[in-house]
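Overview (structure and organization)
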Amino acid sequence: AIIESLPAETRENPGVAVFLAEYAMRKDQPAVVTKNAVLAARSHTNIDRVRSMFPYLASREQWQCIADCGSPVAFNEFPCALIAVEANLRVNRAAAAAEILKSAMAKWPNEPRLLSSQYELAMRGAGDQWEGAFAANLKASLSRLDADHLATYISYSFRLARPSFS
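Here we summarise the structure given alongside this text.

**A short note on the overall build of the protein chain**
Tallying secondary structure elements over the protein chain gives 12 helices and 0 strands in all. Walking the protein chain from its N terminus toward its C terminus, one meets helices and strands in the order α-α-α-α-α-α-α-α-α-α-α-α. Summarising its shape, the C-alpha atoms of the protein chain cover approximately 65 × 25 × 25 Å along the three principal directions. Taking all 166 residues of the protein chain together, 40% fall into the buried category.

Below, the structure written as structure tokens:
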């Protein structure tokens with residue numbers, strides 16, 4: 001009741017919006033979280049708090065919201081970066097996905113959980129660099145992949161018409 005009584009300009013303040021989004025997340029109100037997370041993401045001081053909501057937003061398939069919460073601030077948490085890449089791919093923002101992925105690759109090199117995103121960008125024709133990144137990461141990750149993931153990524157190599165990767 002108190003929150004609803006606040007003037008609209010106060011509710012749209014990024015500092016207030018992040019609180020409202022977090023509160024709505026606890027009450028499982030994805031539409032309210034979505035509205036307020038985008039407002040809160042306007043401020044770099046809130047970005048880590050907004051990104052901490054990405055797993056929740058992804059579980060509710062709020063991909064557009066996640067993509068709309070883009071920021072030039074580097075990711076501190078790998079899972080949030082991976083979710084942001086996925087969200088941008090799902091809403092057809094390949095350039096934004098590529099930028100986040102490049103940053104993630106620099107911060108977390110040879111991370112096998114990046115393979116699917118590297119493959120997706122390579123398949124979308126986003127440049128030979130993604131085929132090369134996929135190949136290098138696959139080679140570096142071979143000893144850390146279980147049989148199911150290894151089979152998947154070898155299949156990806158063939159789909160890229162590059163069986164030499166495998």
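There is more to say after this.
**Points about the pattern of salt bridges**
Throughout the structure, instances matching the rule amount to 7 salt bridges. Salt-bridge contacts for E86 lead to R90; the nearest nitrogen and oxygen are separated by 2.6 Å. Placement of the pair is E86 and R90 together in helix α8 (residues 78–90), with a separation of 4 residues, close to one helical turn.

**Quick look at the environment of R144**
In this structure, R144 sits in the loop between α11 (128–141) and α12 (147–159). Residues R144 and A96 lie 48 residues apart in sequence; the distance between their C-alpha atoms is 28 Å. Apart from the residues within four sequence positions on either side, R144 is in contact with N110 and P112.

**Points about unusual backbone geometry**
In the Ramachandran plot, D28 falls in the positive-phi region, its phi being about 55° despite a non-glycine side chain. Considering the arrangement of structural elements, one finds D28 in the loop between α3 (14–26) and α4 (30–40). Of note, the phi angle at N110 is positive, near 55°, even though the residue is not glycine. Take N110: it is sitting in the loop between α9 (94–107) and α10 (115–123).

**Notes on the packing of aromatic side chains**
All told, the structure shown has 7 aromatic pairs when counted by the stated rule. Measuring from ring centre to ring centre gives 6.2 Å for Y119 and F134, while their planes differ by 55°; the resulting arrangement is tilted. Here F134 lies in helix α11 and Y119 lies in helix α10, a separation of 15 residues in the sequence. The exposure class of F134 is buried, given its relative accessible area of 0%. Linked through ring pairs, Y119, F134, Y153 and Y156 together constitute an aromatic cluster. Of note, R51 hangs over the ring of F75, and the distance from its end group to the ring centre comes to 3.6 Å.

**A few points about the nonpolar core**
Grouped together as the largest cluster of nonpolar side chains are 48 residues, with contacts concentrated most on V50, F54, L57, I66, F75 and F134. With 8 residues, α8 is the largest single contributor of residues to this core.

What counts and how
- Residues numbered from 1 in each chain as written.
- Predicted model: local features only at pLDDT ≥ 70, side-chain atom pairs only at ≥ 80, totals over all residues.
- Heavy atoms only, no water.
- Helix = DSSP H or I, 4+ residues; strand = E, 2+ residues; numbered from the N terminus.
- Buried < 20%, exposed > 50% of the residue type's maximum accessible area, 1.4 Å probe, protein only.
- Salt bridge = Lys/Arg side-chain N within 4 Å of Asp/Glu carboxyl O.
- Contact = heavy atoms within 4.5 Å.
- Phe/Tyr/Trp six-rings, centres within 6.5 Å; stacked < 30°, edge-to-face > 60°.
- Lys NZ or Arg CZ within 6 Å of the ring centre and 35° of its normal.
- Core = buried A, V, L, I, M, F, W, Y, C linked by side-chain atoms within 4.5 Å.

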